[in-house]
2 protein chains.
Amino acid sequence: MNRRKFLKAAGVGVAASAVFTTNLYAKSVTRLKVCLSWPKTLPIMGEGALWFAKRVDELSGGSLKIHIYGANELVPALGVFDACSKGLIDGFHSGPYYWKGKNMAFALFSSFPFGMVADELEPWFDFAGGMDLWRELYARYNLMPFKGGNTGNQMGGWFRKPIKSLADMKGLKMRIPGLGGEVMARLGVKPVNIPGGEIYTALERGVIDATEWVGPSLDTIMGFQKVARYYYTGWHEPGSILEMTFNKKKYERLPKEHQAIIEAATREMHARIFSEFQYQNALKLQDIISGKYDVKLGNFPDDVNEAAKKAIIEILNEYSNKSKDFAKVYENIKSFFPKIRKWTDTLPKWYLDIRDSGTIVD
Amino acid sequence: MNRRKFLKAAGVGVAASAVFTTNLYAKSVTRLKVCLSWPKTLPIMGEGALWFAKRVDELSGGSLKIHIYGANELVPALGVFDACSKGLIDGFHSGPYYWKGKNMAFALFSSFPFGMVADELEPWFDFAGGMDLWRELYARYNLMPFKGGNTGNQMGGWFRKPIKSLADMKGLKMRIPGLGGEVMARLGVKPVNIPGGEIYTALERGVIDATEWVGPSLDTIMGFQKVARYYYTGWHEPGSILEMTFNKKKYERLPKEHQAIIEAATREMHARIFSEFQYQNALKLQDIISGKYDVKLGNFPDDVNEAAKKAIIEILNEYSNKSKDFAKVYENIKSFFPKIRKWTDTLPKWYLDIRDSGTIVD
């Protein structure tokens, strides 16, 4: 009996090729197409997705291959949700707040103005119901989300003129998407949405007066320090969660080992992206405060912050009245947020306060 | 040709059994013994190690089995480092500061008084050289460490009498190990070390006046709220890193897929343990502030904190003079810590300050 006949007689198909391999795994290869909402070359985020693909390859002994496509290579940057929902692609790396037009509640999974920070979002997702709610709502679109990174606290943005009081915000054209943009609108700002690649020129030419992006990590790569002198800290995205989301039916048809590998590798990527944002923010902030650029670093004035707090409460309540899904997720957040914030304020924040002066690194 | 003859003719051994399995992986099973420095049943930490073992099983399709042994089941709680170094066991879940008797520098991998918090330690380990230094020093003991969890900020401890000024610390017998204990000694405290299981009785009977443990998450399970009325926040362990460490030769002989699986699963466990500490701290702190127990929650007075800051600087400098390894790790920390702390203070800490009142969760 030759090999082909033996295999047929033994009733085995694909897995049989493992007989002639030296590694532990069968050589049947599953390939998944994952599209990004940003370029593959974008530091930290695009590079994080490429790292994820490499990791899955290692973990699966080459039996699961993730093919990464940058924004607009296969589908448009913001077409990834629909394409994946329909099964045209298998997964995507993006941010849940991009899809609030489909369901307002999705905005809450990215973090929101004056909301939870990374260390508070982790237990909310893992143990307090956040992930269950996210998966329940995404299941309606045949999608299965995983956490795909956290940017950490995002900077308030770059301004061509200084903001000395709330009055200075009125009438400013600012590139700021999501709930942060809605808050800004209530402060008199005119929020506009411009694709990443066009922001620099718009700011340089004065088509816009201000823009937010991420933080020192990525902003200085965009070159904003050359065209806007005032750089403000912020509260609009206190810890933005990214997503690595898969077509649910496709995911569920994977062998359970591959499902576990995707879960483990996304969690690693999630942690790694946050860690690298922290690292790059530390390094790039040094450039800014060292005087390498002609940039003034500062905080928004108190009246801006207080007006913004009032605005976000109004907005969250209005959305809760408009959308049952939003109300459900927001109620869950309201049951956990005060508890975790009390912990944050009691020890982690207190520690940062007392560490602030006279310690080993001064 | 019958099956046995075919397999022989094909020149394949172990991997051949994969032909008749339904999962993707070969059925050759590698087994590793991992011992803990705490009971398997210890919430968050012991349970985290059990979760790790289950995860490795799922990721490897059952081809890599981690057998978890609680403290003293196979080797003594603090005998795991030596046992693993010699190859008597394959891995251990513990904390690097337990081994400062072997090399003082190890204490620095756990975090130290007034040092980095979890979100600062992550980039230090991943990108600023921390992990490389740890692996370099552990390699001398034939060990390969991975991050194995972070407790987050630890509470200063439980005291039978209130601490109103530095004078109240003098002469107190306190259970506090590590560099925190050395700082306390310079404030006039008599630090003692008592096994976990004996602390409650010692505190109840007044053999000791105070003890630290972890935080609300685990302390209330120990019952300290019944025998000490004053519970203080702290600075002695601002973000203690746990370790999941393997025998280096054994690890290096594993197939690369299994190496990747251990790396991914430890990273998942690391993130999960921190997330669960945050969750449990949030819940258990509620019990304390709700008046469920007769406990006064407070901060150490300023003169205690300032004296402690001075003490840790002295201690770190003294160790640097005594140990080249300590000096090398400390120099690396001193090159990164100011940069990441500047970022922490500029935005994450500022955000917590301005979020503090009038927001959605009040």
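Residues numbered from 1 in each chain as written. Chains lettered and ligands numbered in written order. Predicted model: local features only at pLDDT ≥ 70, side-chain atom pairs only at ≥ 80, totals over all residues.

1. So, the overall build of chain A
Rule in force here: Only runs of H or I of at least four residues qualify as helices and only runs of E of at least two qualify as strands under DSSP, and these elements are numbered from the N terminus. Based on C-alpha atoms, the radius of gyration is set beside the globule rule, defined as 2.2 Å times the residue count to the power 0.38. For the exposure call, what matters is how many other C-beta atoms sit within 10 Å of a residue's own: 20 or more marks it buried, 12 or fewer exposed, and in between partly exposed, using C-beta atoms placed from the backbone. Residue pairs are scored as contacts if the distance between their C-beta atoms, which are placed from the backbone, is within 7 Å.
Scanning chain A from N- to C-terminus turns up 13 helices and eleven strands. Whereas a compact globule of 362 residues would reach a radius of gyration of roughly 21 Å, chain A reaches 23 Å, a difference of no more than 12%. Each of the three principal axes of chain A carries a C-alpha extent, and together these read 85 × 45 × 45 Å. Looking at chain A as a whole, 52% of its 362 residues qualify as buried. At a minimum sequence separation of 6, the contacts of chain A that also span at least 24 residues come to 75%.

2. Considerations on the domain arrangement of chain A
Frequently, the measure chosen for interface size is the accessible area that the parts lose on association. Residues and elements named next belong to chain A. Under the convention used in this document: Here the limits of each domain have been adopted from an automatic or database domain assignment. Gly is put with the polar residues, along with every residue not named as nonpolar or charged; the nonpolar set is Ala, Val, Leu, Ile, Met, Phe, Trp, Tyr, Cys and Pro, and the charged set is Asp, Glu, Lys and Arg.
Domain annotation of chain A identifies domain 1 (26-150 + 240-289 + 324-362) and domain 2 (157-236 + 293-322). Put simply, the middle of domain 1 and the middle of domain 2, counted by C-alpha atoms, are 24 Å apart. Along the lines of polarity and charge, the residues of the side of domain 1 that touches domain 2 split into 15 nonpolar, two polar and two charged.

3. Structural notes on the environment of Pro191(B)
Residues and elements named next belong to chain B. With respect to the helices, strands and loops of the structure, Pro191 is situated in strand E7 (residues 190-192). Separated by 19 residues in the primary sequence, Pro191 and Leu172 place their C-alpha atoms 8.1 Å from one another. Those residues in contact with Pro191 that sit more than four places away from it in its chain are Met174, Ile176, Gly181, Met184 and Ala185.

4. Thoughts on the sheet that holds strand E4 (residues 143-150) of chain B
Residues and elements named next belong to chain B. What counts here: In this analysis, strands are considered paired if DSSP registers two or more bridges between them. Axis angles are defined between N-to-C directions and span 0 to 180 degrees, where every axis is a line fitted to C-alpha atoms and, for a helix, only to the segment in contact.
Strand order across the open sheet formed by five strands is E2-E1-E3-E10-E4, with mixed pairing between neighbours. At either end of the open sheet lies a strand with only one pairing partner, and these are strand E2 (64-69) and E4. Neighbour-to-neighbour, the strand axes of this sheet turn through a mean angle of 25°, independent of strand direction. Where strand E1 (residues 30-36) and E2 come together, six bridges link them in parallel fashion. Within E2, the residue paired with Leu32 across the bridge is Ile66.

5. Brief notes about the sheet that holds strand E2 (residues 64-69) of chain A
All names here are of chain A. Strand order across the open sheet formed by five strands is E2-E1-E3-E10-E4, with mixed pairing between neighbours. On the outer flanks of this sheet lie E2 and strand E4 (143-150), each paired with one strand and no other. On average, each strand axis in the sheet is tilted by 25° relative to the strand beside it, whichever way the strands run. Its contacts with the sheet place helix H2 (residues 45-59) against strand E1 (30-36), E2, strand E3 (91-94), E4 and strand E10 (241-247), and it is angled at close to 165° to E2.

6. What about the environment of Ala265(A)?
Topologically, Ala265(A) is positioned in helix H10 (residues 256-289). Overall, Ala265(A) belongs to the buried group, with 29 C-beta atoms counted inside 10 Å. Residues Ala265(A) and Phe52(A), 213 residues apart in the sequence, show an inter-C-alpha distance of 6.1 Å. Residues within four places of Ala265(A) in sequence aside, it is in contact with Phe52(A), Arg55(A), Val56(A), Leu59(A) and Ala264(B).

7. Observations regarding the pairing of E1(B)
Residue and element names in this part refer to chain B. Worth spelling out the cut-off: Seen with the strands pointing away from the viewer, any crossover whose path from the first strand over the helix to the second strand runs clockwise is right-handed.
This β-α-β element, E1 to helix H2 (residues 45-59) to E2, shows right-handed connectivity. Relative to strand E3 (residues 91-94), E1 is paired through three bridges, and the arrangement is parallel. Among the inter-strand pairings, Leu36 is bridged to a residue of E3, identified as His93.

8. Some remarks on unusual backbone geometry
In this model, Asn72(A) sits at a positive phi of 70°, which is unusual for a non-glycine residue. As for its position among the elements, Asn72(A) is in the loop between E2 and helix H3 (80-85).

9. What to know about helix H6 (residues 178-186) of chain A
Residue and element names in this part refer to chain A. Taken together, the buried positions of H6 are occupied by Gly178, Leu179, Gly180, Glu182, Val183 and Met184. Where H6 is buried, its residues meet strand E6 (173-175), strand E7 (190-192) and helix H11 (302-322). Gly188 occupies a position one or two residues after H6 and carries a positive phi of about 95°.

10. A few points about the nonpolar core
Filter applied, for reference: Put simply, a nonpolar core is a cluster of buried Ala, Val, Leu, Ile, Met, Phe, Trp, Tyr and Cys residues tied together by C-beta atoms within 7 Å.
Counting residues in hydrophobic clusters, the biggest one holds 206 residues, and the most contacted among them are Leu59(A), Ile261(A), Ala265(A), Leu59(B), Ile261(B) and Ala265(B). When neighbours within four sequence positions are excluded, Ile261(B) is seen to be in contact with Leu59(A), Val56(B), Leu59(B), Ser60(B) and Leu64(B).

11. Topic: the packing of helix H4 (residues 118-127) of chain B against helix H12 (residues 324-346) of chain B
Residue and element names in this part refer to chain B. Counted only if it meets this: Note that the term roughly parallel is reserved for angles under 35 degrees, roughly antiparallel for angles over 145, roughly perpendicular for angles of 65 to 115, and oblique for everything else. For any helix crossing, the convention is left-handed if the near helix is rotated counterclockwise from the far helix by under a right angle, and right-handed if that rotation is clockwise.
Where H4 meets H12, the axes come as close as 10 Å, and the angle between the chain directions of the two elements is 140°. Between H4 and H12, the interaxial angle falls into the category oblique. Here H4 and H12 pass one another in a crossing that is right-handed. On H12, the residues touching Glu120, Pro123 and Trp124 of H4 are Phe336, Ile340, Arg341 and Thr344. Here the contact of H4 with H12 is built from residues that sort into four nonpolar, one polar and two charged.

12. Description of the environment of His258(B)
Residue and element names in this part refer to chain B. Within the fold, His258 resides in helix H10 (residues 256-289). In this structure His258 comes out as buried when scored by C-beta crowding, with 21 C-beta atoms within 10 Å. When the C-alpha positions of His258 and Ser63 are compared, they lie 8.7 Å apart, and in sequence the two are 195 residues distant. Those residues in contact with His258 that lie beyond four places of it in its chain are Thr30, Ser60 and Leu64.

13. Description of the confidence of the model for chain A
Going by this rule: Predictor confidence is given residue by residue as pLDDT, running from a minimum of 0 to a maximum of 100.
In the predicted model, chain A carries a mean pLDDT of 92, and the fraction of residues at 70 or more is 91%. What the predictor reports for the complex is a pTM of 0.92 with an ipTM of 0.92.

14. Some details on H10(B)
All names here are of chain B. Note the cut-off: Residue count minus one, scaled by 1.5 Å, sets the expected span of a helix.
Taking 1.5 Å of rise per residue, the 34 residues of H10 would be expected to cover 50 Å, and the 49 Å separating its terminal C-alpha atoms lies within 8% of that figure. Burial within H10 is extensive, with 26 of its 34 residues counted as buried. With its phi angle positive at about 85°, Gly291 sits one or two positions after the end of H10.

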